[in-house]
Number of protein chains: 2
Amino acid sequence: MALQLKANRATVADEIVALLRDRIIRGELSPGAQLSENEIAQQLGVSRTPVREAFIQLREQSLLRILPQRGSFVAPINLSHVADSFFLRETVELRTVGVAAENCTSKNADRLRSIIERQRTLLDGGSDSAFVKADDAMHRYLVEMCGRPRVWKTISDAKVQIDRMRCLNAQDQTTRRRILADHVRIVEAVIGGDPDAAVGAMKQHLHNIFENTERLAKQYPGYMDGQTLATKRKREAKTRPGERPYQSATLT
Amino acid sequence: MALQLKANRATVADEIVALLRDRIIRGELSPGAQLSENEIAQQLGVSRTPVREAFIQLREQSLLRILPQRGSFVAPINLSHVADSFFLRETVELRTVGVAAENCTSKNADRLRSIIERQRTLLDGGSDSAFVKADDAMHRYLVEMCGRPRVWKTISDAKVQIDRMRCLNAQDQTTRRRILADHVRIVEAVIGGDPDAAVGAMKQHLHNIFENTERLAKQYPGYMDGQTLATKRKREAKTRPGERPYQSATLT
DNA sequence: AGTCGCTAACTTGTATGGTAGTATCCTTGC
DNA sequence: GCAAGGATACTACCATACAAGTTAGCGACT
């Protein structure tokens, strides 16, 4: 496999982060798969140093597990982690979409309409990654309309765990159409200046996505929670107040 | 200055991250101060490699700015960034404290009381860092009571920006007492199983903290937004939907 | 005086070598 | 056949060397 680096970014290390991150999220690198600094370096025609720096960054993004002197493995998809990400998204996006609906200008409305239009054109012919990208664009714009630019970064970091699950399957037409329909409802409510409707539509939308992931979890049990990891996982000994299955927001 | 590494962590790089992160948050390394890979490496008696790996991680945490071939500088305190952090905290913690109040067990209550008690003992004699640590413990436990363990990590990442501001000044007795009083109100509401009161108390608490930071921002303008940075900052050219000053949650 | 250009001393980025720990496989001994 | 032990081939971690870019200062020339 001959990987290729784009020459865009400032440093090779950052370029490798972008490359591997994309491949992990899209599932080209399966959960549990072993990555070697040496191997990647050879494939890319660079030294181990920038590869190693990339690995460290991917570890911080919960996409890679580095076991010293043993190996580096694509992180398994942890269902509890995914549920946490949903919790965070729901909490933040339900608030921001409400604020967006309260402050939607005509310029915002135009932009939202064009994003929806873009998704509509990708409905049939578009690739999965293009459709997901357009999907992202809408959620991102709604968050940023609320005037807190760095909040999207947080959402985005959490979203990778969700996206990894979404990429397990190619999205069929039915799924895409439902997503688009959800988005239309949300955008109409926002443009219409109806916060309650916007929050409700967003809540329903996130729930639909979550149900999809639950279905996928049953379909791909091997990728979940490290069962394909080469070595036995050590049990986390830390006692937390307790985890419970994901459940919907209680405030609306 | 002879820095010292603890032998706890697995790798030297992670140890350096913890060390520098702490020093930056506590303000021992001032915003804008230049850090050199070489210099830190010599002070710690290690090579540049782990120092460099630490720098990259600190950059990802928005605590360091690395300008290739020019130098690395302690990130300025960006007020917009701080406001974003408050927005995130308020959004998440107002929800979680409500959930915590709904599900508070007697065991949870005991733990909360002991955390409060710990803070009370630190009120007079305790160091700033010890008091802040106990402060953290309460917020953390309230979030984790909600059963989503990784959500605190997100809050914690955002909180560093707020903590950097808090550490500009030693906290006087008045401030500490007000914080403790806020915490008591929150915990009483949570233990009492009153979500509305808990959310209200938390909202008031976060507001109080935010007002403190606004005061500090006026007091230390030189540390804000890179004005002490050795080199002129390039203007961010990206146009965002627009930033507006921090404002309170509209949903309760 | 003012400006151009060189030099030297930095900076971070990348490549490479050596070290220590881990897992695998194969041999050896029972 | 089977278990214990050792060689071997990995791994990530750290140290060091080199490369390339930036900046500040100084001197010569206009």
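Computed from a predicted model, the values in this text were never measured in an experiment.

Asks: Help me understand the overall build of chain A in this model?
Replies: Along its length, chain A carries 9 helices and 3 strands. For chain A, the succession of helices and strands along the chain, N to C, is α-β-α-α-β-β-α-α-α-α-α-α. For chain A, the residues scored as buried account for 50% of the 252 residues in total. A total accessible area of about 12000 Å² is found for chain A, and carbon and sulfur atoms account for 48% of it.

Asks: So what exactly am I meant to see when it comes to the packing of helix H1 (residues 12-25) of chain B against helix H7 (residues 151-166) of chain B here?
Replies: Two packed helices can be described by the angle between their axes and the distance between those axes. Residue and element names in this part refer to chain B. One way to put it is that H1 packs onto H7 with a least axis distance of 9 Å and a crossing angle of 45 degrees. Taken as axis vectors, H1 and H7 run oblique relative to one another. For the pair H1 and H7, the contacting residues are Arg21, Ile24 and Ile25 in the first and Ser156, Val160, Asp163 and Arg164 in the second. Grouping the amino acids of the contact of H1 with H7 by side-chain chemistry returns 3 nonpolar, 1 polar and 3 charged.

Asks: Would you mind showing me how to read unusual backbone geometry here?
Replies: Backbone geometry follows two general trends: most residues other than glycine have a negative phi, and most peptide bonds adopt the trans configuration. One non-glycine residue, Gln69 of chain A, adopts positive backbone phi at about 65 degrees. By the secondary structure assignment, Gln69 of chain A is in the loop between strand S2 (64-67) and strand S3 (71-74). When its relative accessible area of 81% is taken as the criterion, Gln69 of chain A is described as exposed. Positive phi, close to 60 degrees, is recorded for Ser62 of chain B, a residue that is not glycine. With respect to the helices and strands, Ser62 of chain B occurs in the loop between helix H3 (48-60) and strand S2 (64-67). For Ser62 of chain B, a relative accessible area of 32% puts it in the partly exposed group.

Asks: Just checking my understanding: could you explain the protein's contact with DNA strand C for this structure?
Replies: Taken together, 22 residues surround DNA strand C, and among them Val12, Ser47 and Arg48 of chain A together with Arg52 and Gln69 of chain B come closest. Here DNA strand C approaches the protein such that, of its atoms within 4 Å, sugar and phosphate make up 61%. Here a phosphate oxygen of DNA strand C and a side-chain polar atom of Ser72 of chain B are 3.0 Å apart. For the surface near DNA strand C, the elements supplying multiple residues, two or more each, are helix H1 (12-25) and helix H3 (48-60) of chain A together with H3, S2 and strand S3 (71-74) of chain B. When residues of the surface near DNA strand C are assigned to their parent elements, the largest contribution, 3 residues, is made by H3 of chain A. When grouped by side-chain class, the residues that make up the surface near DNA strand C number 8 nonpolar, 8 polar and 6 charged.

Asks: Whenever I open this one, the protein's contact with DNA strand D confuses me. Can you help?
Replies: Every one of the 21 residues lining DNA strand D counts as a neighbour, but Arg52 of chain A together with Val12, Ser47, Thr49 and Arg70 of chain B are closest to it. A distance of 2.9 Å is found between a base nitrogen of DNA strand D and a side-chain nitrogen or oxygen belonging to Gln69 of chain A. Interatomic distance of 3.4 Å between a backbone N/O atom of Gln69 of chain B and a sugar or linking oxygen of DNA strand D. Residue assignment for the surface near DNA strand D shows that the elements contributing at least two residues are H3, S2 and S3 of chain A together with H3 of chain B.

Asks: What is the right way to read the pairing of S2 of chain B from this model?
Replies: Across a regular strand the side chains alternate sides, sitting on one face of the sheet and then on the other. All names here are of chain B. In this structure, S2 lies alongside S3, joined through 4 bridges in antiparallel fashion. Following the sheet pairing, Leu64 is matched in S3 by Val74. Two successive antiparallel strands, S2 and S3, enclose a turn made up of 3 residues, where Gln69 displays a positive phi of approximately 65 degrees.

Asks: What is the right way to read the sheet that holds strand S1 (residues 34-35) of chain A from this model?
Replies: In sheet architecture, strand pairing relies on hydrogen bonds along the backbone and comes in two forms, parallel and antiparallel. Residues and elements named next belong to chain A. Spatially, the 3 strands line up as an open sheet ordered S1-S3-S2, and their pairing is antiparallel. Each edge of the open sheet is held by one strand with a lone partner, namely S1 and S2. Alignment of S1 against S3, held across 2 bridges, turns out to be antiparallel. Across the sheet, residue Gln34 finds its bridge partner in S3, namely Phe73. Across the sheet, H3 touches S1, S2 and S3, and the angle it forms with S2 is around 115 degrees.

Asks: Would you take a moment to explain the confidence of the model for chain A for this structure?
Replies: Caution applies to low-pLDDT parts of the model: their predicted coordinates are not meant to be read in detail. Overall, the prediction assigns chain A a mean pLDDT of 86, with 84% of residues at 70 or greater. At the level of individual helices and strands, chain A shows its lowest average pLDDT in helix H9 (residues 195-219) of chain A, which scores 91, and its highest in H3 of chain A, which scores 98.

Asks: It is not clear to me how the pattern of salt bridges should be interpreted in this structure. Could you clarify?
Replies: Counted by the stated rule, this structure contains 43 salt bridges over all chains. For Glu28 of chain A, the salt bridge identified is with Arg23 of chain A, shortest N-O distance 3.0 Å. Note on Glu28 of chain A: relative accessible area 44%, which makes it partly exposed. Assessed through its relative accessible area of 13%, Arg23 of chain A is described here as buried. The partner of Arg148 of chain A in a salt bridge is Asp84 of chain B, and the shortest N-O contact between them spans 2.4 Å. Within this pair, whereas Arg148 of chain A is found in the loop between helix H6 (128-144) and helix H7 (151-166), its partner Asp84 of chain B is found in helix H4 (residues 79-102), the two belonging to separate chains. Both residues of the pair, Arg148 of chain A and Asp84 of chain B, belong to the buried class. In this structure, a network of salt bridges that share partners links the residues Asp135, Asp136, Lys159, Asp163 and Arg166 of chain A.

Asks: Help me understand the sheet that holds S3 of chain B, please; the structure alone is not making it clear to me.
Replies: All names here are of chain B. The strand order S1-S3-S2 describes an open sheet built from 3 strands, whose pairing is antiparallel. Both outer strands of the open sheet, strand S1 (34-35) and S2, are each paired with one neighbouring strand and no more. Most of the contacts of H3 go to S2, to which it runs at about 115 degrees, and overall it touches S1, S2 and S3.

Asks: In this structure, what is going on with helix H8 (residues 173-191) of chain B? I would like to understand it.
Replies: Structurally, the α-helix is built with 3.6 residues per turn, so residues lying three or four positions apart point the same way. Residues and elements named next belong to chain B. Helix length check: H8 (19 residues) gives 26 Å between terminal C-alpha atoms against 27 Å at 1.5 Å per residue, within 8%. Burial in H8 covers these residues: Thr175, Arg176, Ile179, Leu180, Asp182, His183, Ile186, Val187, Ala189 and Val190. Check the buried side of H8 and you find it contacts H4, helix H5 (106-125), helix H6 (128-144), H7 and helix H9 (195-219).

Asks: Would you explain the packing of H4 of chain B against H7 of chain B in this entry?
Replies: Residues and elements named next belong to chain B. Two numbers describe how H4 lies on H7: the axes approach to 9 Å, and their chain directions differ by 140 degrees. With respect to their mutual orientation, H4 and H7 come out oblique. In terms of crossing hand, the pair formed by H4 and H7 is left-handed. Within the contact between the two elements, H4 uses Leu79, His81, Val82, Ser85, Phe86, Leu88, Arg89, Val92 and Glu93 and H7 uses Val151, Thr154, Ile155, Ala158, Lys159, Gln161, Ile162 and Met165. Residues of the contact of H4 with H7, tallied by class, amount to 10 nonpolar, 4 polar and 3 charged.

Parameters and conventions
- Residues numbered from 1 in each chain as written.
- Chains lettered and ligands numbered in written order.
- Predicted model: local features only at pLDDT ≥ 70, side-chain atom pairs only at ≥ 80, totals over all residues.
- Heavy atoms only, no water.
- Helix = DSSP H or I, 4+ residues; strand = E, 2+ residues; numbered from the N terminus.
- Buried < 20%, exposed > 50% of the residue type's maximum accessible area, 1.4 Å probe, protein only.
- Areas by Shrake-Rupley, 256 points an atom, 1.4 Å probe, with all protein chains shown as cover.
- Axes fitted to C-alpha atoms, helices over the stretch in contact; angles between N-to-C directions.
- Parallel < 35°, antiparallel > 145°, perpendicular 65-115°, else oblique.
- Contact = heavy atoms within 4.5 Å.
- Nonpolar A, V, L, I, M, F, W, Y, C, P; charged D, E, K, R; others polar.
- Near = heavy atom within 4 Å.
- Polar contact = N/O pair within 3.5 Å; in protein donor to acceptor, adjacent residues only side chain to side chain.
- Pairing = 2+ DSSP bridges.
- pLDDT = per-residue confidence, 0-100.
- Salt bridge = Lys/Arg side-chain N within 4 Å of Asp/Glu carboxyl O.
- Expected span 1.5 Å × (residues − 1).
- Left-handed = near helix turned anticlockwise from the far one by under 90°.

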